[in-house]
Each structure stands twice: as C-alpha cells, then as structure tokens.
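Residues per chain, in single letters:
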Amino acid sequence: MPILTNYSPKVKLFGTSCTPSEASVVVIPIPWGVTAPSRSSAALGPDHILKASYQVKSFPTAYANGTKLGIAMLPIPHNWKMISDSLRHHTLGHIHAVESGSSILKFKASLAKKVDQYAYELKEQTKVRAHTYLKQEKMVVTLGGDHSTSLGLIEAMADHYNNMGILHIGANPAMHQAYQGVKHSHASTIYNVLELAHVVQVVQIGLRDCTPEEQRMVQLHEGRVHPFYHSSLKQQQLQGATWHELCMPIIKLLPDRVYINFNINGLDPKLCPSTGAPVPNGLELDEVYYLIDNIVKAGKQIVGADLCEVAPGENMDWDAQVGSRVLQYLCMAIGASQGKLTSKSAAPSTEHVRV
C-alpha cells in the first residue's frame with residue numbers, strides 16, 4: 001500500500017511557508033473520490049483548493065489576530081490519487097448505470113471488496129497521521145476528496161476525546177449501510193460514525209435530499225442523531241424567525257467538544273456548482289459562519305474539522321475559491337475555540353471573500 005507522504009517545503013497553503021513543526025493547524029489532504037456521483041472530481045479538490053488559496057490575501061474579519069495562527073498543509077499524496085483514478089475507472093460505469101435508472105444497485109462483490117480494502121487502508125493511514133499531530137498538541141483538519149475521507153480523522157478524534165459531538169453540514173444524511181455494497185462509501189460516512197461509542201451526538205444541518213433508508217436510520221438513532229431539515233429552517237425564517245434564533249437549539253444539542261464535518265454540498269449550489277451531487281437551496285456562507293462563531297462564543301471547543309466534496313469547476317474555478325475560504329474559516333474557528341485566536345464578534349463578515 002502507498003503511504004501518505006511527509007512535508008515538502010513546496011506546499012504553501014494560503015501562500016505562507018509555515019511548516020507543520022511550526023504550525024498550530026495541520027491540514028491533511030486526501031485526494032480520493034471512488035464512489036461519488038459520476039459528475040464529481042472531488043479527488044482533485046485538495047490540489048485546486050491549494051492553488052486557489054494563493055489568492056486569499058486576508059483573514060476573516062471575525063478574528064482579530066488571524067495572522068498569528070500558523071496553518072500548514074502536508075503534500076498531496078499523488079500515489080493515492082493514482083489509486084483513486086484507477087478504481088474510479090472501474091466504478092464509473094456502474095455509477096452511470098445507477099444514475100440512469102438501472103435496477104442494479106450494488107457493485108460486483110469483487111470490486112466492492114477491492115474498493116473497501118483501499119479505502120480502509122487510506123482511512124487507517126489518515127488516522128495514524130492525525131494521531132501523530134494530536135500527540136504534538138496540534139489542531140488537525142482533513143481536506144477531501146469525497147465524503148468517505150472524513151472518517152479517518154473522526155475516528156482519531158473519537159480515540160483522543162470522550163463525549164464528542166459531530167456537527168455535520170451537508171445536503172444528504174450519509175447514513176446508508178454499505179452504500180452500493182461498499183462499507184467505506186461516500187454515502188455511508190455518518191452511518192460509520194455512529195459505530196463510534198465516543199461520538200455521543202450528531203447534529204445535521206442543510207439536509208434536503210434524504211432516501212427512505214436514511215430516514216429510517218435517522219429515526220432508529222433518535223436522541224443521538226438530530227436532523228435540522230433545510231425546508232423546516234427556511235419555513236421558520238419565512239415566518240419571521242431570525243437565524244440567531246434557529247442556531248440556538250442547534251448549539252444547545254452539541255456537547256462541549258465539537259467536530260465539524262463540512263460537506264460542501266450543504267451550501268447553496270451557487271457556491272459549489274461542480275460538487276458531485278448539488279441540491280437546490282442550501283445554506284449561505286454567512287449562515288454557516290454565524291453558526292460556527294456562536295459555537296465558539298458558547299464556550300465549546302472545536303476539536304477538529306474536515307472539508308470534503310469540493311470538485312473543480314469552470315469560471316475561474318469558483319468551487320475552489322469558495323472551498324479555500326471555507327477551509328481558512330474552519331482553521332480560524334478551531335484556533336479561536338482553543339484559545340489560539342480572539343473572536344471579535346459572533347456575527348462575522350464575509351468581506352474577505354475576493355474572487
């Protein structure tokens with residue numbers, strides 16, 4: 001099996017030359033996208049976000065001393081990208097068929113087994129790498145890749161912390177059991193997370209595309225899984241509720257330690273048109289930033305985060321421009337929640353977004 005590679009001075013996330021040994025936050029890129037929808041090229045996400053990050057010239061105005069937070073990104077493991085591309089060549093025909101209405105719902109057993117073997121090894125390597133930096137008291141973020149790339153860091157965090165909550169931002173619950181026969185599928189991530197005893201609460205926002213199987217799983221885990229469907233949130237807003245009022249019950253459900261699992265398709269597709277499964281409506285960046293900043297203001301510790309399902313597109317690669325700024329904001333919020341930065345307010349501006 002290939003391994004995740006070590007630091008290279010050529011990687012300059014946000015144009016800085018901070019090394020992992022100097023950094024407070026270490027970003028682990030994971031170029032993997034084997035089971036995602038056919039239009040997705042999320043395996044290219046880390047590379048495109050890295051390039052887009054060079055255009056980010058300022059820090060979010062919600063944080064007074066953002067320049068003091070060192071952020072370093074490990075080199076993109078192109079060996080894993082090659083494996084992803086090779087497996088994608090074999091899965092794509094099946095995915096096309098399913099998307100065209102085929103009644104064949106699962107990969108061939110031999111292919112599903114091969115995908116799972118590699119996906120499991122990648123997850124384990126991510127977990128080992130994350131533990132390395134957690135032991136050095138660094139904050140860790142992963143950058144996918146499809147949604148399955150989130151699991152390695154979540155497992156590492158669940159090993160490291162007790163009673164952790166997950167704030168899952170996404171259009172889909174990702175609660176399929178072995179989707180299309182693959183346990184480590186992009187559509188099975190939260191199902192797999194629920195196998196972790198130390199994850200005590202999962203709060204989901206942005207949901208607007210759920211299958212009957214996923215709805216049954218949500219009901220099965222009632223009391224531990226808390227879905228905030230986008231249609232319900234929007235209806236309450238139309239009836240006069242403020243976003244602040246809607247955020248408070250979400251925050252109240254989260255324990256003192258919070259991990260943010262950010263699937264970019266939780267946002268309105270105008271912000272991520274090239275993601276694998278864009279769904280109409282969705283959250284605005286200001287809404288997500290406001291929620292995250294109020295989590296910090298509530299005194300909760302954001303122990304880690306990931307960003308996934310960012311796929312490169314046209315129009316000056318808008319998806320990567322948005323993704324790079326989301327990644328930066330996640331790093332700032334983690335730092336603020338752990339006392340590394342000062343949060344100026346709980347109502348952040350997005351003036352730093354220049355594209």
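These numbers were taken from a predicted model, which means no experiment stands behind them. (Residues numbered from 1 in each chain as written. Predicted model: local features only at pLDDT ≥ 70, side-chain atom pairs only at ≥ 80, totals over all residues. Heavy atoms only, no water.)

A. Spatial organisation of the overall build of the protein chain. Counting secondary structure elements, the protein chain contains 10 helices and 8 strands. By residue count, 60% of the 355 residues in the protein chain fall in the buried class. In the protein chain, once contacts between residues fewer than 6 apart in sequence are set aside, the share between residues at least 24 apart is 81%. Accessible surface, the protein chain: about 14300 Å² in total, of which carbon and sulfur atoms supply 52%. (Helix = DSSP H or I, 4+ residues; strand = E, 2+ residues; numbered from the N terminus. Buried < 20%, exposed > 50% of the residue type's maximum accessible area, 1.4 Å probe, protein only. Contact = heavy atoms within 4.5 Å. Areas by Shrake-Rupley, 256 points an atom, 1.4 Å probe, with all protein chains shown as cover.)

B. Here's a closer look at the pattern of salt bridges. Counted according to the given criterion, the structure contains 9 salt bridges. Linking lysine 123 and glutamate 124 is a salt bridge whose minimum nitrogen-to-oxygen distance equals 2.6 Å. Across the pair lysine 270 and aspartate 268 runs a salt bridge whose closest N-O atoms are separated by 3.6 Å. On the basis of relative accessibility, which here comes to 47%, the residue lysine 270 falls in the partly exposed class. The network of salt bridges with shared partners includes Lys123, Glu124, Lys127 and Glu155. (Salt bridge = Lys/Arg side-chain N within 4 Å of Asp/Glu carboxyl O.)

C. Looking closely at the environment of glutamine 237. The residue glutamine 237 is located in helix 7 (residues 230–238) in this model. A polar atom in the side chain of glutamine 237 sits 3.1 Å from the side chain of lysine 234. (Polar contact = N/O pair within 3.5 Å; in protein donor to acceptor, adjacent residues only side chain to side chain.)

D. Up close: the confidence of the model for the protein chain. For the protein chain, mean pLDDT is 89; residues scoring 70 or higher make up 89% of the total. Confidence over residues 346–355 falls short of pLDDT 50; this stretch has 30 contacts with residues more than four positions distant or in other chains. (pLDDT = per-residue confidence, 0-100.)

E. Summary view of the side chain of glutamine 201. Its location among the elements puts glutamine 201 in strand 5 (residues 199–207). On the basis of relative accessibility, which here comes to 18%, the residue glutamine 201 falls in the buried class. Within polar-contact distance, the side chain of glutamine 201 engages the side chain of histidine 226 at 2.5 Å. Here glutamine 201 is in contact with Met164, Gly165, Ile166, Gly223, Arg224, His226, Leu253 and Pro255, once residues within four sequence places are set aside.

F. Here's a closer look at the environment of leucine 50. Within the secondary structure, leucine 50 is located in helix 1 (residues 45–53). Given the relative accessible area of 9%, leucine 50 is considered buried. Leucine 50 sits 23 residues away from methionine 73 along the chain, and the two C-alpha atoms are 8.6 Å apart. Residue contacts for leucine 50: discarding those within four places in its chain leaves Val11, Lys12, Leu13, Met73 and Ile76.

G. How the structure looks around the packing of helix 3 (residues 109–135) against helix 4 (residues 151–160). For the pair helix 3 and helix 4, the least separation of the axes is 8 Å and the interaxial angle reads 45 degrees. Comparing the axis directions of helix 3 and helix 4 gives the class oblique. Every pair of crossing elements has a handedness; the one defined by helix 3 and helix 4 is right-handed. Of the residues in helix 4, those in contact with Lys123, Glu124, Thr126, Lys127, Ala130, His131 and Leu134 of helix 3 are Leu151, Gly152, Leu153, Glu155, Ala156, Met157, Asp159 and His160. (Axes fitted to C-alpha atoms, helices over the stretch in contact; angles between N-to-C directions. Parallel < 35°, antiparallel > 145°, perpendicular 65-115°, else oblique. Left-handed = near helix turned anticlockwise from the far one by under 90°.)

H. Seen up close, the nonpolar core. In this structure, Leu167, Phe262, Leu267, Leu307 and Leu327 are the most contacted members of the largest nonpolar core, which totals 60 residues. If one sorts the elements of this core by residue count, helix 10 (residues 318–337) sits on top with 11 residues. Ignoring anything within four residues of it in the chain, the contact list for phenylalanine 262 reads Ile169, Leu267, Val288, Asp306, Leu307, Cys308, Val326 and Leu330. Counting residues in each nonpolar core, the second largest holds 44 residues, with Ala119, Ala130, Ala156 and Ile190 among its members. (Core = buried A, V, L, I, M, F, W, Y, C linked by side-chain atoms within 4.5 Å.)

I. Representation of the environment of alanine 43 within the structure. Structurally, the position occupied by alanine 43 is in the loop between strand 1 (25–30) and helix 1. Leave out the neighbours within four places in its chain, and alanine 43 touches Pro31, Trp32, Gly33, Lys81 and Ser84.

J. Layout of the packing of aromatic side chains. In the structure shown here, the tally under the stated rule is 3 aromatic pairs. A centroid spacing of 6.3 Å and a plane angle of 80 degrees characterise the contact between tryptophan 80 and tyrosine 118, whose relative ring orientation is edge-to-face. Linking tryptophan 80 in helix 2 (residues 78–99) with tyrosine 118 in helix 3, this pair joins segments that are 38 residues apart in sequence. According to the relative accessible area criterion, tryptophan 80 is buried, its value standing at 0%. Residue tyrosine 118 is classed as partly exposed on the basis of its relative accessible area, which comes to 23%. For the pair tyrosine 289 and tyrosine 329, a centre-to-centre distance of 3.7 Å together with 5 degrees between the ring planes defines the contact as stacked. (Phe/Tyr/Trp six-rings, centres within 6.5 Å; stacked < 30°, edge-to-face > 60°.)

K. Inspection of the sheet that holds strand 7 (residues 257–263) at higher detail. Strand order in the open sheet made by the 8 strands is 2-1-3-8-7-4-5-6, with parallel pairing throughout. In this open sheet, the two edge strands, each paired with only one partner strand, are strand 2 (71–73) and strand 6 (225–229). The average undirected angle you get between the axes of adjacent strands in this sheet is 20 degrees. Note: strand 7 against strand 8 (residues 301–308), 7 bridges, orientation parallel. Its bridge partner lying in strand 8, tyrosine 259 is registered against glycine 304. Running over the sheet, helix 3 touches strand 1 and strand 3 (139–144) and is turned about 170 degrees from strand 1. (Pairing = 2+ DSSP bridges.)

L. Representation of unusual backbone geometry in the model. Cis geometry is found at the peptide bond from glycine 144 to glycine 145, where omega equals 20 degrees. Phi is positive for asparagine 281, which is not a glycine, with a value near 70 degrees. Structurally, the position occupied by asparagine 281 is in the loop between strand 7 and helix 9 (285–297). Within the chain, glutamate 309 stands out as a residue other than glycine whose phi angle is a positive 70 degrees. Its place among the elements puts glutamate 309 in the loop between strand 8 and helix 10.

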